[in-house]
Amino acid sequence: MSVETSSVQRCPISADYNPFELSGQENPYPWLKAQREQEPVFFSPIAQCWVVTRYADIQFVLKRPEIFSNVNAAVGKYNPAVEAKFEGKVPGGATLLGLDRPDHTRLRRVINAAFTPRRVARMEDKIRATAIELIDDLPSDEPFDLLKDFSYPLALRVITDVVGIPRKDIPMCHHYSERWNQLMGAEQGGMPLEEQLARADDTVKYHEYVADLIAKREHEPADDLITAVWDVRRQGDVEEAA
């Protein structure tokens, strides 16, 4: 989060907090408990952002867009060589998560208009079938990881089905998106530049794939979110994003 107020200068700075360390990602709960009790709000030089850990404070931030901004909210900065590869190919801050009102409201209106009650209702049978398929694949005679083997694949398949990504392309898109995620904090975490650039190449391929799919749906509609957004745009009810 970013905020313009002098009061935040009194908040502590935590040089030890590193959201890019794998150990902290696997089990952050003891650390979060301690932070809520000792330093519920602090600035992280590594992540270059303010960290808010208490529910009430988080609600305060989320409900006051006139004070707190989404601009530059992405955690971690790219190496300049990675930014050069992304130039004109991978969006920077102008995504839904990185916008404030009124731009955020305009883009949200497009998505909300596409998610009609009828469309959401049509998803139920397919989501249930996907869940049953995943459950049937779970081992019956040995332990399994519910998050890894069921919850995450279910969310991934539902989201890609809704967006309109063919099932056969899910592994590829998942691989590319994970490579993109690994760039978050890669520079701060000390990832070698060669590895960062390889992930940047995959990220560009991912965005090229999505851009091609969006362009295709303009002329070859399907029962998916991309087509629904095109339909909303054609109606002229929502301005095009700048």
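Remember, it's a predicted structure, so these values are computed and weren't measured experimentally. (Residues numbered from 1 in each chain as written. Predicted model: local features only at pLDDT ≥ 70, side-chain atom pairs only at ≥ 80, totals over all residues. Heavy atoms only, no water.)

### Remarks on the environment of L96
Selection criterion: The helix count covers DSSP runs of H or I at least four residues long, the strand count covers runs of E at least two residues long, and both are numbered beginning at the N terminus. Buried, partly exposed and exposed residues are distinguished by accessible area as a fraction of the type maximum, computed with a 1.4 Å probe on protein chains only: under 20%, between the cut-offs, and over 50%, respectively. The criterion used for residue contact is that any of the two residues' heavy atoms lie within 4.5 Å.
Mapped onto the fold, L96 is located in the loop between α4 (80–86) and α5 (103–114). Of the residues examined, L96 reaches a relative accessible area of 30% and is grouped as partly exposed. Separated by 11 residues in the primary sequence, L96 and L107 place their C-alpha atoms 6.9 Å from one another. Those residues in contact with L96, other than ones at most four positions away along the chain, are H104, L107 and R108.

### Digging into unusual backbone geometry
A cis amide bond, omega 5°, links R101 with the succeeding residue P102. Turning to its location among the elements, P102 is positioned in the loop between α4 and α5.

### A word on the nonpolar core
Formally: Each nonpolar core is a collection of buried residues, namely Ala, Val, Leu, Ile, Met, Phe, Trp, Tyr and Cys, held together in the definition by side-chain atoms within 4.5 Å.
Listed in full, the 12 residues of the largest apolar core are V110, A114, M123, A131, L134, F150, L154, V158, V162, L225, A228 and V229. Where this core is concerned, the elements lending two or more residues are α5, α6 (117–137), α7 (146–163) and α11 (225–235). Sorting elements by how many residues they give to this core places α7 first, with 4 residues. Among the nonpolar cores identified, the runner-up in size contains 8 residues, and V82, V90, L183 and A186 belong to it.

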